[in-house]
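Chain and residue survey
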Amino acid sequence: HGLDVPNAALDDALLRDARFLSDARLLAALHGELRRRLGPEDAAAVLLQSGFVHGLRDAQRASFDHSPHGGASGIGPAPSLLAFQLRSASDALGVVLCGSWPQRTEAEAVTIACGGRSDAPGCLASMGYTSGWLSALADSDIFAFERRCAADGHAACDFEARDASAWRATGDADALARLDTIPFAALRAIAERFRSDEPAPTDAFDADSPAVHVWGPVMVVPYAGEETA
């Protein structure tokens, strides 16, 4: 607790452990517990905010200095904590990114938490994560809003992402209600605080050491002879 965001329930434990993003049963339990403790609106805010911080941090860990790789749109490195598909379009308000979460993990979680079909789109942490990831990529305040959700009977979980100012120009009451729960500057500060707590990368490597070295998704086991291998 004690973070500089409107909701004190957005605590260190939720921000440090991202497993809930890819585990439907864990995410279902989180949805249910937050709703019980906070009510639906504050629970939605916490899920959006925590997802945003994880998306922002995940994108910051990737290098944007090289040629884009992965991802359906080809606009940047693929997200690692939550898969999404993305395509770029435009309208009178500017660039709009349309996408979906093909694994529908959070929709499954919402179905479990509700004991059946939901009465509204419910992929809140996924919206937050995608917003954070795109905000880091674009160095701007981007919000991804779910338009259709498998949890309320649609075939897919589809979202639309725009700059925050463009969302405000749409006057879309449902999207703006969610957007207003994301304090972009405060969440960026939290992500930066967590980033500063991470150990600095090192190139030190002892070929004689039996230790296993891990850098993100890369694991290196020093070769110490055929018998040992």
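Provided above is the structure to which this section pertains.
Now for a quick tour of the structure. (Residues numbered from 1 in each chain as written. Predicted model: local features only at pLDDT ≥ 70, side-chain atom pairs only at ≥ 80, totals over all residues. Heavy atoms only, no water.)

Focus: the pattern of salt bridges
- Counted by the stated rule, this structure contains 10 salt bridges.
- Taking the shortest distance from any N to any O, the salt bridge between Asp172 and Arg147 comes out at 2.7 Å. Taken together, the positions of Asp172 in the loop between helix H6 (164–170) and helix H7 (173–179) and Arg147 in strand S3 (residues 142–148) put the pair 25 residues apart, joining distant regions of the chain.
- Judged by relative accessible area, which is 18%, Asp172 ranks as buried. (Salt bridge = Lys/Arg side-chain N within 4 Å of Asp/Glu carboxyl O. Helix = DSSP H or I, 4+ residues; strand = E, 2+ residues; numbered from the N terminus. Buried < 20%, exposed > 50% of the residue type's maximum accessible area, 1.4 Å probe, protein only.)

Remarks on the pairing of strand S4 (residues 158–163)
- As defined by bridge partners, strand S2 (residues 94–100) adjoins S4 across four bridges and the pair is classed as antiparallel. Within S4, the residue paired with Gly99 across the bridge is Phe159.
- Note: S3 against S4, six bridges, orientation antiparallel. Note on S4: the bridge partner recorded for Glu146 is Phe159. (Pairing = 2+ DSSP bridges.)

A few points about the packing of aromatic side chains
- This structure, assessed with the given rule, holds seven aromatic pairs.
- Ring centres of Phe84 and Trp133 lie 5.3 Å apart, and the angle between their planes is 80 degrees; on these two criteria the pair is classed as edge-to-face. In this pair, Phe84 sits in the loop between helix H3 (40–61) and strand S1 (85–91) while Trp133 sits in helix H5 (residues 124–138), placing the two residues 49 residues apart along the sequence.
- Between Phe143 and Phe145, the ring centres sit 6.2 Å apart and the planes meet at 35 degrees, which makes this aromatic pair tilted. Each of the two residues, Phe143 as well as Phe145, counts as buried.
- The aromatic ring of Trp167 is capped on one face by Arg162, whose charged end is 5.7 Å from the ring centroid. (Phe/Tyr/Trp six-rings, centres within 6.5 Å; stacked < 30°, edge-to-face > 60°. Lys NZ or Arg CZ within 6 Å of the ring centre and 35° of its normal.)

Some thoughts on the layout of surface pockets
- What the second largest pocket holds in volume is close to 290 Å³.
- Among the secondary structure elements, those contributing two or more residues to the lining of the second largest pocket are helix H2 (24–38), H3 and helix H4 (105–114).
- With five residues, the single largest contributor to the lining of the second largest pocket is H3.
- Here the residues of the lining of the second largest pocket sort into 10 nonpolar, four polar and four charged. (1 Å grid on protein atoms, 1.4 Å probe; cavity = no way out; pocket = protein on both sides within 12 Å on 5 of 7 lines; lining within 4 Å. Points joined across faces, edges and corners; volume = space filled by probe spheres on them. Nonpolar A, V, L, I, M, F, W, Y, C, P; charged D, E, K, R; others polar.)

Some details on the pairing of S1
- The pairing of S1 with S2 spans seven bridges and is antiparallel. Bridge pairing in S2 places Ala89 opposite Val96.
- Counting the residues in the hairpin turn of S1 and S2 gives two residues.

Brief notes about the sheet that holds S3
- Pairing is antiparallel across the open sheet formed by four strands, whose spatial order is S1-S2-S4-S3. Only two strands of the sheet have a single partner each, and these edge strands are S1 and S3. Looking at each pair of strands side by side, their axes are set apart by 25 degrees on average, direction ignored.
- Its contacts with the sheet put H5 on S1, S2, S3 and S4, and the angle it makes with S3 is roughly 145 degrees. (Axes fitted to C-alpha atoms, helices over the stretch in contact; angles between N-to-C directions. Contact = heavy atoms within 4.5 Å.)

Digging into the packing of H3 against H5
- The interhelical angle for the contact between H3 and H5, taken along N-to-C directions, is 35 degrees, at an axis separation of 6 Å. As for the relative orientation of H3 and H5, their crossing is right-handed in sense. Mapping the contact onto sequence places Ala44, Leu47, Leu48, Gly51, Phe52, His54, Gly55, Leu56, Asp58, Ala59 and Gln60 in H3 and Leu124, Ala125, Met127, Gly128, Tyr129, Ser131, Gly132, Trp133, Ser135 and Ala136 in H5.
- Its residues assigned to classes, the contact of H3 with H5 shows 12 nonpolar, eight polar and one charged. (Left-handed = near helix turned anticlockwise from the far one by under 90°.)

Focus: the nonpolar core
- Residues Trp101 and Phe143 are the most contacted members of the largest nonpolar core, which totals 54 residues.
- Take this core: its biggest share by element is nine residues, from H3. (Core = buried A, V, L, I, M, F, W, Y, C linked by side-chain atoms within 4.5 Å.)

A word on unusual backbone geometry
- Located in the positive-phi region is Arg104, a residue other than glycine, with phi close to 55 degrees.
- Among the structural elements, Arg104 can be located in the loop between S2 and H4.
- The exposure class of Arg104 is partly exposed, given its relative accessible area of 37%.
- If you check the backbone angles, Asp139 has positive phi at about 50 degrees while not being a glycine.
- Take Asp139: it is sitting in the loop between H5 and S3.
- Relative accessible area serves as the criterion here: at 65%, Asp139 is assigned to the exposed category.

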